[in-house]
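# Coordinates in review
So you can see what is in the structure, the chains are spelled out below.
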Amino acid sequence: MSKSKKSSTVKPATLERGEARYFHGRVKILDDFKGLLSRAKAGNSGTSVLIQAAPGAGKTALLHEYARIAWAQRWQTAEIDPDGLFDPVELSKLLRLPLPAKRQETKMGGNVQFLHRESTSEHYLPTTLDILESGRKPLLLLLDEAQTTAAVIPRSNHEQFTNALKFVKAIHNGKVGRPVILIAAGLGTTSAAFNSLGISRFDPKCRINLEPLSEGSRQAVIQDWLLEEGGAKGDPDSWIHAIVRETHGWPQHIMAYVWPALKQLKLTEGELTPEGLETALKEGRKGRIRFYEARAQDFPREQLHCIARVIAHAPSGTSIAKMDLIASLRLDYDHDTAEKIFTLALHKGILDERKNRYVVPIPSMHDWLVDNFVHIPEPLFPPPEPQR
C-alpha cells in the first residue's frame, strides 16, 4: 500500500468532489508529473496535460494532489476557469498580476530599436498571453471540468477566441518564456474540446485516462477512513474487504460506502459489529444506484435501451466501437440525433473513451444498465388507432 497523504484542509460538506482526505495510488501518474515539473523547470518550458475520465473517477482529487506536489517544489499554482483562457481581466485577478501596459517598438536611427511601455488606457487591453508572459515564477494551471471549454469560449468574438487559441498553444508548445504547465481534467468529450482549440496531440505521458484504483490503494483508503475518522476498534479487515468487493475501485463508490460505515461506527463507539457492516453495505448500495440514476436522468428509457442492448452482448469492461453504438441508436433515431445521444452519454459518464473505443466505466453500472434497460415493458394498452 502506498503511503497515506492526509489533507490538512477542513473536511468538505460532500466527499464526492474535491480534495481526497486520504489519497492513495496513482503512483506512476504522480511520478510522471514530478518528472514533468523537473524537465519544465530545467528547460524553462512547459506543456499541457489532458486527464479524461467518467464522473467519480477522482479527477478533482488528482488535481489537488498535483497542486500539493507543485507547491512543495515552489511552483505557483492556480485554479483556472475557461474564462481565464480568453479574458485578461479574469486571468490577471486569478494570477494576482497587474494588467501589463502596452508594449511599443520605436526606431531611433538606423536599425536600432528600443522597447518601452505606455500606460494602459481604456483603448488597450492586453491579451491573456501577455499576462502569462509577464510573470516570472514557474506556474501550474489547473482547469477542472475542462469538457466545457469549447462551449464557453465565444467563437463569435474573434478577439477573445484568438486570445484563447494563442494562450493554449503557447503553453502546449512550451513557448511562454517561463515554466508553465496546464492540467486540463474533464469528461470523455474533453479531448474534442481541446481539438477545437487546435490541440490534438499530447505526449503519451501527458494524456491520461483515469482507471479504477488498484486493490491495495482502495483498501488503504477505506482503512484510513475507518481508523482515522471512524475510530474503529480492533481489526477492520472484514469491513475493508466487504466494502472493496462492492466498489470496483471507483473513488465515488468508496465514499458511498464510507459515509454509512462511519455513521455505524459512531453509533457503536467504534465497535465493528456484523450488524453495522450489513447496514453500511445496504446504504452504500443505495448510494451507488443513486449515482447511476443521476447519470441517466437526462435520457428517456428508449435511448438507454439502445445503449444497453449493445453492451448486453459483452462482459462488463469490454470496449465497444463507436460504430456499433451508433448503429444501435440508428435503429430508432436519425443520424444527427444518434450522434447527440452518443455525445451526451460521454458527457454524463454513461460511456468513457478507452483508446478510441468506448466502455461503461464501472462494472456495476454496466450490469445496472443491462438489468434495467435491455427490455422495455410493453405498454399496458395498445396505442389508439389514428383517426381517419
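To keep things clear, this report deals only with the structure shown in the data block. (Residues numbered from 1 in each chain as written. Predicted model: local features only at pLDDT ≥ 70, side-chain atom pairs only at ≥ 80, totals over all residues. Heavy atoms only, no water.)

## Concerning the pattern of salt bridges
Stated precisely, the cut-off is as follows: By convention in these notes, a salt bridge is any Lys or Arg side-chain nitrogen within 4 Å of a carboxyl oxygen on Asp or Glu. A helix here means a DSSP run of H or I that spans at least four residues, while a strand means a run of E at least two residues long, and both kinds are numbered starting from the N terminus. The cut-offs for exposure are 20% and 50% of the maximum accessible area for each residue type, with area from a 1.4 Å probe on protein chains only; residues under the lower value are buried, those over the upper are exposed, and the others partly exposed.
Tallied over the entire structure, the rule returns twelve salt bridges. For D32, the salt bridge identified is with K28, shortest N-O distance 2.9 Å. Linking D32 with K28, this pair stays in helix α1 (residues 27–42), spanning four residues, or about one helical turn. With a relative accessible area of 56%, K28 lands in the exposed category. We note a salt bridge from E246 to R285, for which the minimum N-O separation is 2.6 Å. Placement of the pair is E246 in helix α10 (residues 237–247) and R285 in helix α12 (residues 274–296), with a sequence separation of 39 residues. Exposure remark for E246: the relative accessible area of 14% places this residue in the buried category. By relative accessible area, which is 31% here, R285 ends up partly exposed. Taken together, the shared-partner salt bridges in this structure form one network comprising E246, R285 and R288.

## Some thoughts on a nonpolar patch on the surface
Going by this rule: Nonpolar side chains (Val, Leu, Ile, Met, Phe, Trp, Tyr) are joined into patches within 5 Å and like charges within 9 Å, using only residues with over 30% relative accessible area and no salt bridge. Reported accessibility uses the Shrake-Rupley method at a 1.4 Å probe radius. Residues are deemed covered only where the shown protein chains occlude them.
Taken together, the side chains of V89, L99 and L125 make up a nonpolar region of the molecular surface, amounting to roughly 200 Å² of accessible area. Summarising the element assignment, L125 is placed in the loop between β6 (113–118) and α5 (128–134). Residue classification places L125 among the partly exposed positions, given a relative accessible area of 42%.

## Quick word on the nonpolar core
Rule in force here: To form a nonpolar core, buried Ala, Val, Leu, Ile, Met, Phe, Trp, Tyr and Cys residues must be joined to one another through side-chain atoms within 4.5 Å. Any pair of residues with heavy atoms lying within 4.5 Å of one another is described as a contacting pair.
I51, Y66, L140, I181, I183, L351 and L369 are the most contacted members of the largest nonpolar core, which has 57 residues in total. Not counting residues up to four positions away in its chain, the partners in contact with I51 are K59, L62, L63, Y66, I183, A184, A185, G186, I208 and L210. Core analysis: the second largest hydrophobic core is formed by 29 residues, A78, L132, L141 and V168 among them.

## A closer look at helix α4 (residues 88–95)
What counts, and what does not: This arc corresponds to the set of directions leading from the helix axis out to the C-beta atoms.
Turning to α4, its buried residues are P88, L91, S92 and L95. Each buried residue of α4 sits inside an arc of 100° when the element is viewed along its axis, so together they form one side. If you follow the buried residues of α4, they end up packed against β4 (76–79), α3 (83–86), α5, β7 (139–143) and α7 (158–172). Looking at the residues trailing α4, positive phi occurs at R96, about 55°.

## Considering the packing of helix α11 (residues 251–267) against α12
Under the convention used in this document: Whenever a helix is involved, its axis is fitted only over the stretch in contact; in every case the axis is a line through C-alpha atoms, and angles between N-to-C directions fall within 0 to 180 degrees. Helix crossings fall into two classes, left-handed where the near helix is turned counterclockwise from the far one by less than a right angle and right-handed where it is turned clockwise. Any residue outside Ala, Val, Leu, Ile, Met, Phe, Trp, Tyr, Cys, Pro, Asp, Glu, Lys and Arg is labelled polar, Gly included; the first ten of those are nonpolar and the last four are charged.
Look at α11 against α12: their axes get within 8 Å of each other, and the N-to-C directions meet at 145°. Both α11 and α12 take part in a crossing whose hand is right-handed. Between α11 and α12, the residues in contact are Q252, H253, A256, Y257, P260, A261 and Q264 and G276, T279, A280, L281, E283, G284, R285, G287, R288, F291 and Y292, respectively. For the contact of α11 with α12, the residue count by class is eight nonpolar, seven polar and three charged.

## Here we look at a negative patch on the surface
We count it as follows: All tallies of charge rest on Lys and Arg as positive and Asp and Glu as negative; His and the ends of each chain are not included. A charge is said to be at NZ when it belongs to Lys, at CZ for Arg, at CG for Asp and at CD for Glu.
Negative charge collects at one region of the surface, where E79, D81, D83 and E90 lie side by side. Secondary-structure assignment places E90 in helix α4. Of the residues examined, E90 reaches a relative accessible area of 38% and is grouped as partly exposed.

## Observations regarding the packing of aromatic side chains
Keep this limit in mind: Only centres within 6.5 Å qualify two rings of Phe, Tyr or Trp (six-membered ring in Trp) as a pair; their planes then separate them into stacked at under 30 degrees, edge-to-face at over 60, and tilted for everything else. A positively charged side chain is recorded as over a ring if its NZ (Lys) or CZ (Arg) lies within 6 Å of the ring centre. The angle to the ring normal must also be within 35 degrees.
Taken as a whole and assessed by the stated rule, the structure comprises six aromatic pairs. Residues W368 and F373 carry aromatic rings whose centres are separated by 5.4 Å and whose planes lie at 75° to one another, so their mutual orientation is edge-to-face. F373 sits in the buried class, given a relative accessible area of 6%. A connected cluster of aromatic rings, assembled from ring pairs, spans F291, Y292, W368 and F373. Looking at R295, its charged tip hangs above the ring of F291, at a distance of 5.2 Å from the centre.

## Some words on the sheet that holds β4
To keep things clear, this is the line we draw: One bridge is not enough; two strands pair if DSSP finds at least two bridges between them.
Taken in spatial order, the five strands line up as β4-β7-β8-β3-β9 in an open sheet, and their pairing is parallel. Two strands in the sheet have a free side with no partner beyond their single neighbour: β4 and β9 (207–209). The average angle at which neighbouring strand axes cross in this sheet is 15°, direction not considered. Bridge analysis of β4 against β7 gives four bridges, and the strand direction is parallel. Looking across to β7, one finds that A78 is bridged to L141. Of the strands in this sheet, β4 and β7 touch α4, which is tilted by about 135° from β4.

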